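The lines below spell out each chain.
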Number of protein chains: 2
Amino acid sequence: MSYKNVLVAVDLTEESDQVLTKARHIAEKDGAKLALVHVVKPIEHVYGGFGAVGLAGDFSAQMATLEQQAVSHAQEQLAKMGKAIGVDKNRLFVPVGSASREIHRLAKEEKIDLIVIGSHGRHGLGLLLGSTANGVLHGASCDVLAVRVALES
Amino acid sequence: MSYKNVLVAVDLTEESDQVLTKARHIAEKDGAKLALVHVVKPIEHVYGGFGAVGLAGDFSAQMATLEQQAVSHAQEQLAKMGKAIGVDKNRLFVPVGSASREIHRLAKEEKIDLIVIGSHGRHGLGLLLGSTANGVLHGASCDVLAVRVALES
């Protein structure tokens, strides 16, 4: 019944620490291995409008470069994070794509039995800021722990 | 960072055992107290059409009795479950209402820091059978562990 392989989805904001702390707590108690993932959105999702109207070659190349920079930046951040808490380099993942789809894919490939992800909530209003946690829960083939992160206020 | 008060939402099907087992595992490691909840749907939600057209007195009374029987049955089941795993009687809850709303309300009243709930998923299709887990995650003011229950097949 113990968890063996825990995948922590981090958005690389300050709130990631709260999510990581909970994940480490569970992993340590169960003697589970940790893996970290940060999913980078494809540049055409961030600037969807441009893709639809077509791009001049130079601009298109610049956007591809921007995406690559986002991946490199995330890899550096994840490497720091992983080093600080002792996660193997080969268990740090920075895929490009839809967050929930990439997390589900990785969870299967890495035989993950628990996905830990941050979720925002607002008392009383029933609102969820950011739908990633719901998206990950929806269709996950393993357990999902949604860590309620405190909102800056 | 340990959980102190864990609320387990059970649907009283055979799958409840899988959810309970995970919840107990976490609670034991953290030395947390367990509480159990089963939410009974109001009879007018189950037979919504009747409410809209108005009910003859006798039939209305029969439906209220049916709801009360559902509550009594759930209380008995929950009492057995609680006894088997050593949950205090005063930490067994059978509210009538919307599952997510009642679970959120109870979580606040009982100072719950982790809600454990079963969720169904279908590999590959991204379908979720039963939306309770998503509803509970949405707007929860504490962490939520969605335990992926195996489907009978």
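Whatever comes next refers back to the structure up there.
The structure reproduced in this document is the subject of the present report. Nothing here was measured: the structure is a model prediction, and the numbers come from that model.

## What about the pattern of salt bridges?
Item 1. Counted according to the given criterion, the structure contains 10 salt bridges over all chains.
Item 2. Of the charged contacts, one joins A:Lys29 and B:Asp30 as a salt bridge, the two residues approaching to 3.3 Å between their closest N and O atoms. Of this pair, A:Lys29 sits in helix H1 (residues 16–30) while B:Asp30 is found in helix H1 (residues 16–30), placing the two residues in two different chains.
Item 3. Residue classification places A:Lys29 among the partly exposed positions, given a relative accessible area of 33%.

## As for the relation of the copies chain B and chain A
Item 1. When chain B is brought onto chain A, the operation consists of a screw motion whose angular component is 180 degrees and whose axial shift is 0.0 Å, with 0.1 Å RMSD remaining. This pairing of chains is accounted for by a two-fold axis. Ranked by how close their C-alpha atoms come to the rotation axis, the residues of chain B are headed by B:Leu145, at 2.1 Å.
Item 2. Looking at chain B, 100% of its interface residues are interface residues in chain A too, so the copies touch through the same face.

## Some details on the environment of B:Ser60
All names here are of chain B.
Item 1. By the element assignment, serine 60 lies in helix H4 (residues 57–85).
Item 2. We classify serine 60 as partly exposed; its relative accessible area is 33%.
Item 3. Along the primary structure serine 60 and leucine 34 are separated by 26 residues, whereas in three dimensions their C-alpha atoms are 37 Å apart.

## Focus: the side chain of A:Asp30
Item 1. On the basis of relative accessibility, which here comes to 10%, the residue A:Asp30 falls in the buried class.
Item 2. Aside from chain neighbours lying at most four places away, what touches A:Asp30 is A:Ser2, A:Tyr3, B:His25 and B:Lys29.

Rules used in this analysis
- Residues numbered from 1 in each chain as written.
- Chains lettered and ligands numbered in written order.
- Predicted model: local features only at pLDDT ≥ 70, side-chain atom pairs only at ≥ 80, totals over all residues.
- Heavy atoms only, no water.
- Salt bridge = Lys/Arg side-chain N within 4 Å of Asp/Glu carboxyl O.
- Helix = DSSP H or I, 4+ residues; strand = E, 2+ residues; numbered from the N terminus.
- Buried < 20%, exposed > 50% of the residue type's maximum accessible area, 1.4 Å probe, protein only.
- Least-squares fit on C-alpha atoms with pLDDT ≥ 70 in both.
- Contact = heavy atoms within 4.5 Å.

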